Amino acid sequence: MKVLTLTVGSMMENCYIVYENVEAVAIDPGADARDILDTLKKNGLKLTHILLTHGHYDHIGAVQELKDKTDAKICIHLDDADMLKSARMNLSISVGSPAVTYSPDMLLYDGQIIETGKMSIQVIHTPGHTPGGVCFAIGDNLFTGDTLFNRSVGRTDFPGGSAEQLGRSMNNVLKKLSKNYIVYPGHGPFSSLDYEKKNNPFMRGMG
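The following paragraphs examine the structure supplied in this document. As a convention, each chain's residues are numbered from 1 in the sequence order in which they are written. Only residues with pLDDT of at least 70 are given local features in this predicted model, and only at 80 or more are side-chain atom pairs given and counted; all residues enter the totals for whole chains, interfaces and linings. Water and hydrogen atoms were dropped before computing side-chain values, which therefore reflect all heavy atoms in the structure.

**Considerations on the overall build of the protein chain**
- Secondary structure follows DSSP: runs of H or I at least 4 residues long count as helices, runs of E at least 2 residues long count as strands, and numbering of each begins at the N terminus. Regarding its fold elements, the protein chain presents 6 helices and 14 strands.
- Here the C-alpha radius of gyration of the protein chain, 16 Å, is about what a compact globule of 207 residues would show, namely 17 Å.
- Within the protein chain, counting contacts between residues at least 6 apart in sequence, those at least 24 apart form 59% of the total.
- A total accessible area of about 9,100 Å² is found for the protein chain, and carbon and sulfur atoms account for 49% of it. The atom set for the radius of gyration is the C-alpha atoms, and the globule formula is 2.2 Å times the number of residues raised to the power 0.38. We call two residues in contact whenever any of their non-hydrogen atoms come within 4.5 Å of each other. Per-residue and other accessible areas were derived by the Shrake-Rupley procedure at a 1.4 Å probe size, with only the shown protein chains allowed to occlude residues.

Now the structure itself:
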């Protein structure tokens, strides 16, 4: 399995293309759909799923073009489904960006396993940044969106955010994972889960 990283959009959001053989998923395609499509074509990949860690505009901006060109399934946690459908809730209308609204193909839930090709993708519900925030565990990799960053966490002052929920997600969910995953966050540099357990002040002090 391989992971390709594209940093996209004005918010420098990390979009990940994860693949094995020819089947691929795109995690948080926030902008620059043409670059994402070019990367898929260059590597001879077939996009099967568009996996969204949450519903904010900077993580979903390229979804419709990818859907139109690949017919991949749009997947988001059921608690963020309304954000995907509302330009007000996903904040696209609030920041002066073109209004972004989509209809999901698959509503995700905690513990769900998505199978595509030879990849098995586990959905881990980690609310706090948004009500339906999730992380995706694929092999030894953990894609954390805006839940967990390198030595930091996502904001909780947007509508639907909750510092209390984020604390529980950090300490009652992610901290209890036994594997030392490579952490691929929604913004910023990579990390590892063991490193975050030891050095992230929010993982040590919240909840």
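**Overview of the packing of aromatic side chains**
- Planes of paired rings set the category: under 30 degrees apart is stacked, over 60 is edge-to-face and the rest tilted, where pairs are Phe, Tyr or Trp rings (Trp by its six-membered ring) whose centres lie within 6.5 Å. One pass over the full model with this rule turns up 5 aromatic pairs.
- Pairing Tyr-16 with Phe-190 gives two aromatic rings, centres 6.3 Å apart and planes at 50 degrees, and the pair type is tilted. With a gap of 174 residues between them, Tyr-16 in strand E2 (residues 13–20) and Phe-190 in the loop between strand E13 (182–185) and strand E14 (191–192) connect regions that are remote in the sequence.
- Seen from their ring centres, Phe-143 and Tyr-184 are 4.9 Å apart, and the 15 degrees between their planes marks the pair as stacked. Of this pair, Phe-143 sits in strand E10 (residues 141–145) while Tyr-184 sits in strand E13; the two residues are 41 residues apart in sequence, bridging distant segments of the chain. The two residues Phe-143 and Tyr-184 agree in class, both being buried.
- Ring pairs connect the aromatic residues Tyr-16, Phe-143, Tyr-184 and Phe-190, which therefore count as one cluster. Partly exposed residues are those whose accessible area sits between 20% and 50% of the maximum for their type, while under 20% is buried and over 50% is exposed, using a 1.4 Å probe and protein chains only.

**Digging into the pattern of salt bridges**
- Salt bridge, as used here: a side-chain nitrogen of Lys or Arg that lies within 4 Å of a carboxyl oxygen of Asp or Glu. This model, assessed by the stated rule, comprises 6 salt bridges.
- Between Asp-105 and Lys-67 there is a salt bridge whose closest N-O contact spans 2.9 Å. Linking Asp-105 in the loop between helix H3 (81–85) and strand E6 (106–108) with Lys-67 in helix H2 (residues 63–70), this pair joins segments that are 38 residues apart in sequence.
- On the basis of relative accessibility, which here comes to 43%, the residue Asp-105 falls in the partly exposed class.
- The salt bridge involving Arg-168 is made with Glu-164; its shortest N-O contact spans 3.0 Å. Of this pair, Arg-168 and Glu-164 are both found in helix H4 (residues 163–173), 4 residues apart, which corresponds to roughly one turn of the helix.
- Through salt bridges with shared partners, a single ionic network connects Lys-67, Asp-71 and Asp-105.

**Some remarks on the pairing of strand E7 (residues 113–116)**
- A one-sided burial pattern is seen for E7, the buried positions being Ile-114 and Thr-116 and the unburied ones Ile-113 and Glu-115.
- A strand pair is defined by DSSP finding two or more bridges across the two strands. Taking the residues between adjacent antiparallel strands as the criterion, E7 and strand E8 (residues 119–125) are bridged by 2 residues, where Gly-117 takes a positive phi near 55 degrees.

**Section: the sheet that holds strand E5 (residues 73–77)**
- Spatially, 6 strands are ordered E1-E2-E3-E4-E5-E6 in an open sheet, and the strand pairing comes out mixed. With one partner strand each, in any of the chains shown, strand E1 (2–8) and E6 form the two edges of the open sheet. Here the strands of the sheet are splayed against their neighbours by 25 degrees on average, with no regard to which way each runs.
- Between the N-to-C directions of two axes lies an angle of 0 to 180 degrees, each axis being a line fitted to C-alpha atoms and, for a helix, fitted only over the stretch in contact. Set on the sheet, H2 makes contact with strand E3 (23–27), strand E4 (46–51) and E5; between it and E4 the angle comes to about 150 degrees.

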